[in-house]
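Next come the chains, spelled out residue by residue.
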Amino acid sequence: MEGNAADPAFPCSITVDIPFPTARLASVALRALRVDKELSPLVSRDLSAVAGAGGDDSETILRTEYKATTNRMLRVAVNSFMDSAALVVEVMEQLDVDVLAQQQQE
């Protein structure tokens, strides 16, 4: 967690990067997580999908940037997001054809 001098209304911030094996899976996670808006006006969240280090379709990162008025609000929001992200990944592991195909290859 770091201070953000550029936005005094939200002095506490953190960026959470979750890598996905393909851009399609990252996009599915992005769309699934984007529907849940932040309940508190004391927290701001921005979700995006960015290319991984290789720059190709081999890896895409789901980037979530949080800003909050206090560290406590930031912690509560990030904990809730991580629970939701874990559920999305679990559903992908159980139901998504790309994930199933990759598991069978291994």
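Residues numbered from 1 in each chain as written. Predicted model: local features only at pLDDT ≥ 70, side-chain atom pairs only at ≥ 80, totals over all residues. Heavy atoms only, no water.

Engineer: Give a description of the pairing of strand β4 (residues 60-68) that names residues and reports values.
Structural biologist: Sheet topology places strand β2 (residues 12-20) next to β4; nine bridges connect them, and they run antiparallel. For Ile14, the partnering residue across the bridge sits in β4 and is Tyr66. By the bridge criterion, nine bridges tie strand β3 (residues 43-51) to β4 in an arrangement that is antiparallel. Within β4, the residue paired with Ser44 across the bridge is Lys67. (Pairing = 2+ DSSP bridges. Helix = DSSP H or I, 4+ residues; strand = E, 2+ residues; numbered from the N terminus.)

Engineer: Outline a nonpolar patch on the surface, supporting the account with residue identities and numerical values.
Structural biologist: On the surface, a cluster of nonpolar side chains totalling about 300 Å² of accessible area is made up of Leu87, Val91 and Leu95. Relative to the helices and strands, Leu95 resides in helix α2 (residues 71-95). (Patch = residues over 30% accessible without salt bridge, like charges linked within 9 Å, V, L, I, M, F, W, Y side chains within 5 Å. Areas by Shrake-Rupley, 256 points an atom, 1.4 Å probe, with all protein chains shown as cover. Salt bridge = Lys/Arg side-chain N within 4 Å of Asp/Glu carboxyl O.)

Engineer: Could you give me a rundown of the side chain of Thr60, with the residues and numbers involved?
Structural biologist: Along the chain, Thr60 turns up in strand β4. Owing to a relative accessible area of 8%, Thr60 belongs among the buried residues under this scheme. Among the polar contacts listed, one links the side chain of Thr60 to the backbone nitrogen of Ala23, at a separation of 3.4 Å. Not counting residues within four places of it along the chain, the set of residues in contact with Thr60 comprises Ile18, Pro19, Phe20, Thr22, Ala23, Ala26, Ala49, Val50 and Gly52. (Buried < 20%, exposed > 50% of the residue type's maximum accessible area, 1.4 Å probe, protein only. Polar contact = N/O pair within 3.5 Å; in protein donor to acceptor, adjacent residues only side chain to side chain. Contact = heavy atoms within 4.5 Å.)

Engineer: Describe the packing of aromatic side chains, naming the residues involved and giving the relevant values.
Structural biologist: For the coordinates displayed, the defined rule picks out one aromatic pair. Arranged with centres 6.0 Å apart and planes meeting at 65°, the rings of Tyr66 and Phe81 form a pair that is edge-to-face. Here Phe81 lies in helix α2 and Tyr66 lies in strand β4, a separation of 15 residues in the sequence. Take Phe81: its relative accessible area is 3%, and that puts it in the buried class. (Phe/Tyr/Trp six-rings, centres within 6.5 Å; stacked < 30°, edge-to-face > 60°.)

Engineer: Break down the packing of helix α1 (residues 23-34) against α2 for me, with residues and values.
Structural biologist: Two elements in contact, α1 and α2, have axes separated by 10 Å at closest approach and are oriented at 135°. On the basis of their axis angle, the class for α1 and α2 is oblique. Viewed along their axes, α1 and α2 form a crossing whose handedness is right-handed. Packed against α1, whose contacting residues are Leu25, Val28, Ala29, Ala32 and Leu33, the element α2 presents Phe81, Ser84, Ala85, Val88 and Met92 at the interface. (Axes fitted to C-alpha atoms, helices over the stretch in contact; angles between N-to-C directions. Parallel < 35°, antiparallel > 145°, perpendicular 65-115°, else oblique. Left-handed = near helix turned anticlockwise from the far one by under 90°.)

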